[in-house]
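# Notes for the structure review
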Amino acid sequence: MVFLRNSSVSFFDIYFPRLVGIACLLPVAALFFCESWSVIMDFERSTATACRAHRRPWNFLPSISEATGSLTPQRYVWRIFIALHATPRFAIAAAYFKMHNELFPPSGKTIWWHVLSSLDVVLHVMEIMCLVGLTFVSSTEDYGIHEKCFYGFLICSHLHMAITILFFTKGREYIKNSLTYTEIKALQWKKYFLCISVVLLGVAFYFFKRHERYCEDYVYSMFALVEIVIVICNIGFHSTAMYDFSHCYLSLLDLTDGR
């Protein structure tokens, strides 16, 4: 829609790293609120768990699904914040797709890198959609859909992170395109977040199975704590887009020629 004829006029300009920061801050703030409110106001209900030993072990921290999916007002805050953060997340996915397409055009020796960039953006978008899905369909409402979205989120997010790192390492080496200082800094953080997340996935699986089998006190809370760190690593990984697009703006421009 065009309101002005002056092609030099920008309707608005948003510093892209600021948009990335907002997108990352929203789920962090929501998670902090939900966990804190659950512990302070709904401690008994939020930390109650059951296992095969048919006893209720003591816990000190609720899981993310419990703190964000079944209790109010936590559920409402979590859903609103995740919905608000989704739109800029799609913009981030589109920005990386455009960056990779510019570096790896769909011709010649870079054709397979271009195909990989298409796969990467699909995984990125699927990660966001799975997150929205498991947010709005709680485990108490429809466990099957929630479970599928949860596993979809884990698989898509970690594959996306791995492929993104591959682009910034092997891909850039292949086309002999050197990384900038900010890109190098972002790449280091990407590697840290991915490695920590992969290791903690195994730790979380261990605590979860131990809780199911032995029903020990505080074990499920350890699972919840590790789960929170994995989510923080995921958010931290995506926050590195602030370095990758450190000189970029998201703008709405009038591109007409004045006729």
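A brief report on the enclosed structure follows.

Cut-offs and rules
- Residues numbered from 1 in each chain as written.
- Predicted model: local features only at pLDDT ≥ 70, side-chain atom pairs only at ≥ 80, totals over all residues.
- Heavy atoms only, no water.
- Helix = DSSP H or I, 4+ residues; strand = E, 2+ residues; numbered from the N terminus.
- Buried < 20%, exposed > 50% of the residue type's maximum accessible area, 1.4 Å probe, protein only.
- Contact = heavy atoms within 4.5 Å.
- Areas by Shrake-Rupley, 256 points an atom, 1.4 Å probe, with all protein chains shown as cover.
- Phe/Tyr/Trp six-rings, centres within 6.5 Å; stacked < 30°, edge-to-face > 60°.
- Lys NZ or Arg CZ within 6 Å of the ring centre and 35° of its normal.
- Salt bridge = Lys/Arg side-chain N within 4 Å of Asp/Glu carboxyl O.
- Patch = residues over 30% accessible without salt bridge, like charges linked within 9 Å, V, L, I, M, F, W, Y side chains within 5 Å.
- Polar contact = N/O pair within 3.5 Å; in protein donor to acceptor, adjacent residues only side chain to side chain.
- Axes fitted to C-alpha atoms, helices over the stretch in contact; angles between N-to-C directions.
- Left-handed = near helix turned anticlockwise from the far one by under 90°.
- Nonpolar A, V, L, I, M, F, W, Y, C, P; charged D, E, K, R; others polar.

## Side note on the overall build of the chain
Secondary structure assignment for the chain yields nine helices and two strands. Ordering the α and β elements of the chain from the N terminus gives β-α-α-α-α-α-α-α-α-α-β. Counting the 259 residues in the chain, one finds 44% classified as buried. When contacts within the chain are restricted to residue pairs at least 6 apart in sequence, those whose partners lie at least 24 apart make up 77%. For the chain, the exposed area adds up to about 14300 Å²; of that, 68% sits on carbon and sulfur atoms.

## Describing the packing of aromatic side chains
Per the stated rule, a full pass over the model turns up 15 aromatic pairs. Consider the rings of Phe-16 and Phe-245, whose centres lie 5.4 Å apart with planes at 70 degrees: the pair is edge-to-face. Note that Phe-16 is positioned in helix α1 (residues 16-41) and Phe-245 in the loop between α9 (241-244) and β2 (249-253), a separation of 229 residues in sequence. Classification of Phe-16 as buried rests on a relative accessible area of 6%. You can call Phe-245 buried: its relative accessible area is 6%. The rings of Phe-104, Trp-113, Phe-167 and Tyr-174 are connected pair by pair, giving a single aromatic cluster. When the ring centre of Phe-168 is taken as reference, the NZ or CZ atom of Lys-190 above it lies at 5.0 Å. One Lys or Arg, Lys-190, reaches over the ring of Phe-237 and ends 5.9 Å from the middle of that ring.

## Regarding the pattern of salt bridges
On inspection of all chains with the given rule, the structure shows eight salt bridges. Salt-bridge contacts for Arg-45 lead to Asp-42; the nearest nitrogen and oxygen are separated by 2.8 Å. We classify Arg-45 as exposed; its relative accessible area is 52%. By relative accessible area, which is 12% here, Asp-42 ends up buried.

## Quick look at unusual backbone geometry
A cis geometry characterises the amide bond from Thr-72 onward to Pro-73, with omega recorded as 10 degrees. As for its position among the elements, Pro-73 is in the loop between α3 (64-69) and α4 (74-103). Even without being a glycine, Cys-215 presents a positive backbone phi close to 55 degrees. One non-glycine residue, Tyr-218, adopts positive backbone phi at about 70 degrees. Residue placement: Tyr-218 occurs in the loop between α7 (181-214) and α8 (219-239).

## Topic: a nonpolar patch on the surface
Taken together, the side chains of Trp-58, Phe-60, Trp-189, Tyr-192, Ile-196, Tyr-218, Met-222, Leu-225 and Val-229 define a hydrophobic patch exposed on the protein surface, amounting to about 880 Å² of accessible area. Counting only elements with at least two residues in the nonpolar patch, the list comes to α7 and α8. One can find Leu-225 in helix α8.

## Let's talk about the side chain of Arg-79
Turning to its location among the elements, Arg-79 is positioned in helix α4. Residue Arg-79 is classed as buried on the basis of its relative accessible area of 16%. Of the polar contacts made by the side chain of Arg-79, one reaches the backbone oxygen of Thr-135; its length is 3.3 Å. Contacts of Arg-79, omitting those with residues within four sequence positions, involve Thr-135, Phe-136, Ser-138 and Glu-141.

## Regarding the packing of helix α6 (residues 143-174) against α8
Where α6 meets α8, the axes come as close as 12 Å, and the angle between the chain directions of the two elements is 35 degrees. In the crossing of α6 with α8, the sense of the turn from one axis to the other is left-handed. Across the interface between the two elements, Phe-153, Ser-157, His-160, Met-161, Thr-164 and Ile-165 from α6 touch Asn-234, Phe-237 and His-238 from α8. Of the residues that constitute the contact of α6 with α8, the class distribution is four nonpolar, five polar and no charged.

Bear in mind that shape data such as this cannot, by itself, settle questions of function.
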